[in-house]
Amino acid sequence: MREPVHNGEPTTRRVVVVIASPLEPALVARIQEVDDRIDVRYQPELLPPPCYPCDHRGSDTFRRSHDQEGRWVRMLAEAEVLFGVPGDSTQGLVDVVAANPTLRWIQATAAGAGETVRQAGLTQNALARVTITSASGVHAGPLAEFAMFGLLAFARELPRLLADTRARRWEHYPVGELAGRTLLVVGLGAIGREVARLGAAFGMRVLAVNRTGKAEVAGVAEVHPSSSLVDLMPQAQAVVVTLPLTEETRGVLDAVAIGRMPAGAILVNVGRGGVIDERALIQALRDGRLAGAALDVFATEPLPLDSPLWRLPNVLISPHTAALSLRENDRIADLFSENLRRYLRGDDLINRVDPTLFY
Ligand code: NDP
């Protein structure tokens, strides 16, 4: 979770909180119980039905009737606080900020909400008036598990095991292990810290890169600034990328950085596809220079059907689902409830999206 930022004075008035994203009624009730000063507005018939548990966008085919659209617009206009970006979209953010001058805070359901805020192109005045907090931290556990799953899959040769199983082949051969390898965690926020913790528990030597090069994190032997990334690559037998997509991080794992990874290295990306030069990655996987890659995120999503990544035997593809969990909404509701208490006290909010760095 990002460092909190001070938000203002304690609140004595009633605060209207609008639930603008599909959410289970029990969790809405839990949010209402946070404090008597809040007035939660929740009209599930105005929200698209979720396509799967914890879906925040809901069905694309959902349309509000004329009457429902009027009620939806009026409800949004009364909000001081929103749970979820309306429509889970950039346009939804732009529209609600423009239409509602009393809006003060939006709790997004995505950890990467900074990208939506950047794309919305809000004015500095709007960004000063409306605080946006992300769901950073909520997805750290599931994504760190996926990262370890990816590292283990290639260290312990899952593709060969699966092929041998299908062929009923009984052959003896030694496989690699994670213990003793050097793991480079790129991005040391909520996800990166959990990856580092698990990597250290597996006996890996953990190095990490963040923006500043400063952080004290248990299990991390060394923290470096982003400018050291390429120089660290020759040591990185395993790389787990957990970066947000910002102006600074786009394409940061370029052909030069990937070219410096040692032979047999494994790469996992759970941050954003746009931070890696996908063509250079494909080439390194094709050559067999990299042992494998486990990817949850891609430069273009859905991954185009003609992408070579689909056909490479040393690639595991997860369709941006590694963070999904049946407990996701529960965790977001907990984070929101804690932030609501802070908001009412006038305290700092957790996970405020930086209005200049956009993460
Ligand atoms: P945090 O905000 O907690 O951490 C981000 C980390 O990235 C920080 O350590 C930050 O450095 C570092 N960073 C930012 N810019 C740079 C840079 N230029 N060079 C090096 N490091 C940089 O985010 P989370 O860990 O919660 O999430 C990270 C990203 O993962 C999200 O923004 C989102 O895009 C993605 N994500 C993907 C999901 C999925 O479904 N696959 C789900 C959830 C998130 P510093 O510590 O110095 O600030």
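Each remark here, short or long, concerns the structure printed above.
Keep in mind it's a predicted model, so treat the numbers as computed, not measured.

## Looking at unusual backbone geometry
Turning to step 1, where the next piece is worked out: The peptide bond linking E301 to P302 adopts the cis configuration, its omega dihedral lying at -5 degrees.
Turning to step 2, where the next piece is worked out: Mapping P302 onto the fold places it in the loop between β11 (290–295) and β12 (315–317).
Turning to step 3, where the next piece is worked out: With a phi close to 70 degrees, C54 is a non-glycine residue in the positive phi region.
Turning to step 4, where the next piece is worked out: Tracing the backbone shows C54 in the loop between β2 (38–41) and α2 (66–77).
Turning to step 5, where the next piece is worked out: Judged by relative accessible area, C54 falls into the buried class, the value being 5%.

## Some details on the site of the ligand
Turning to step 1, where the next piece is worked out: In the vicinity of the ligand, 30 residues are found, and the nearest of them are S136, L188, A190, D296 and Y359.
Turning to step 2, where the next piece is worked out: Separating an oxygen atom of the ligand from a backbone N or O atom of R211 is a distance of 3.1 Å.
Turning to step 3, where the next piece is worked out: The separation between an oxygen atom of the ligand and a polar side-chain atom of R272 is 3.4 Å.
Turning to step 4, where the next piece is worked out: For the ligand, the accessible surface in isolation is 930 Å², of which the surrounding protein chains cover 92%.

## A short note on helix α4 (residues 113–120)
Since the α-helix packs 3.6 residues into each turn, any two residues three or four apart lie on the same face.
Turning to step 1, where the next piece is worked out: In terms of residue burial, α4 counts as a mostly covered element, since six of its eight residues are buried.
Turning to step 2, where the next piece is worked out: Buried residues of α4: A113, G114, E115, V117, R118 and A120, and no others.
Turning to step 3, where the next piece is worked out: Of the surrounding secondary structure, the elements contacted by the buried residues of α4 are α3 (90–99), α5 (124–129) and β5 (131–133).
Turning to step 4, where the next piece is worked out: Once α4 ends, the next one or two residues include G121, with phi positive near 60 degrees.

## Observations regarding the sheet that holds strand β4 (residues 105–107)
Turning to step 1, where the next piece is worked out: Spatially, five strands are ordered β2-β1-β3-β4-β5 in an open sheet, and the strand pairing comes out parallel. Edge strands, defined here as strands with exactly one partner in the open sheet, are β2 and β5. Strand-to-strand twist of the sheet, defined as the mean angle between neighbouring strand axes without regard to direction, takes the value 20 degrees.
Turning to step 2, where the next piece is worked out: Where strand β3 (residues 81–83) meets β4, three bridges bridge the pair, whose relative direction is parallel. Counted as the bridge partner of F83 is Q107 from β4.
Turning to step 3, where the next piece is worked out: Lying on the sheet, helix α1 (residues 25–32) is in contact with β1 (15–19), β2 and β3; it crosses β2 at an angle near 160 degrees.
Turning to step 4, where the next piece is worked out: Running over the sheet, helix α12 (residues 328–345) touches β1, β2, β3, β4 and β5 and is turned about 160 degrees from β4.

## Thoughts on the packing of aromatic side chains
Turning to step 1, where the next piece is worked out: Across all of its chains, the model carries four aromatic pairs by this definition.
Turning to step 2, where the next piece is worked out: A ring pair is formed by F83 and F336, whose centres lie 5.2 Å apart and whose planes are at 65 degrees; its orientation type is edge-to-face. With F83 in strand β3 and F336 in helix α12, this residue pair connects regions lying 253 residues apart in the sequence. Of the two residues examined, F83 and F336, each falls in the buried class.
Turning to step 3, where the next piece is worked out: Seen from their ring centres, W105 and F336 are 5.3 Å apart, and the 45 degrees between their planes marks the pair as tilted. Of this pair, W105 sits in strand β4 while F336 sits in helix α12, placing them 231 residues apart in sequence. The two residues W105 and F336 agree in class, both being buried.
Turning to step 4, where the next piece is worked out: An aromatic cluster is defined as three or more aromatic residues linked by ring pairs; in this entry it consists of F83, W105, F336 and Y343.
Turning to step 5, where the next piece is worked out: The aromatic ring of Y173 is capped on one face by R160, whose charged end is 3.4 Å from the ring centroid.

## Let's talk about the pairing of β1
Turning to step 1, where the next piece is worked out: For β1, a buried count of five out of five residues is recorded, marking the element as mostly surrounded by other parts of the structure.
Turning to step 2, where the next piece is worked out: Pairing analysis gives four bridges linking β1 to β2, with the strands arranged parallel. If you follow V18 over to β2, its bridge partner there is R41.
Turning to step 3, where the next piece is worked out: Taking the sense of rotation as the criterion, the β-α-β connection linking β1, α1 and β2 turns out right-handed.

Parameters and conventions
- Residues numbered from 1 in each chain as written.
- Predicted model: local features only at pLDDT ≥ 70, side-chain atom pairs only at ≥ 80, totals over all residues.
- Heavy atoms only, no water.
- Helix = DSSP H or I, 4+ residues; strand = E, 2+ residues; numbered from the N terminus.
- Buried < 20%, exposed > 50% of the residue type's maximum accessible area, 1.4 Å probe, protein only.
- Near = heavy atom within 4 Å.
- Polar contact = N/O pair within 3.5 Å; in protein donor to acceptor, adjacent residues only side chain to side chain.
- Areas by Shrake-Rupley, 256 points an atom, 1.4 Å probe, with all protein chains shown as cover.
- Contact = heavy atoms within 4.5 Å.
- Pairing = 2+ DSSP bridges.
- Axes fitted to C-alpha atoms, helices over the stretch in contact; angles between N-to-C directions.
- Phe/Tyr/Trp six-rings, centres within 6.5 Å; stacked < 30°, edge-to-face > 60°.
- Lys NZ or Arg CZ within 6 Å of the ring centre and 35° of its normal.
- Right-handed = clockwise from strand over helix to strand, strands pointing away.

By themselves, these figures tell us nothing about what the structure is for.
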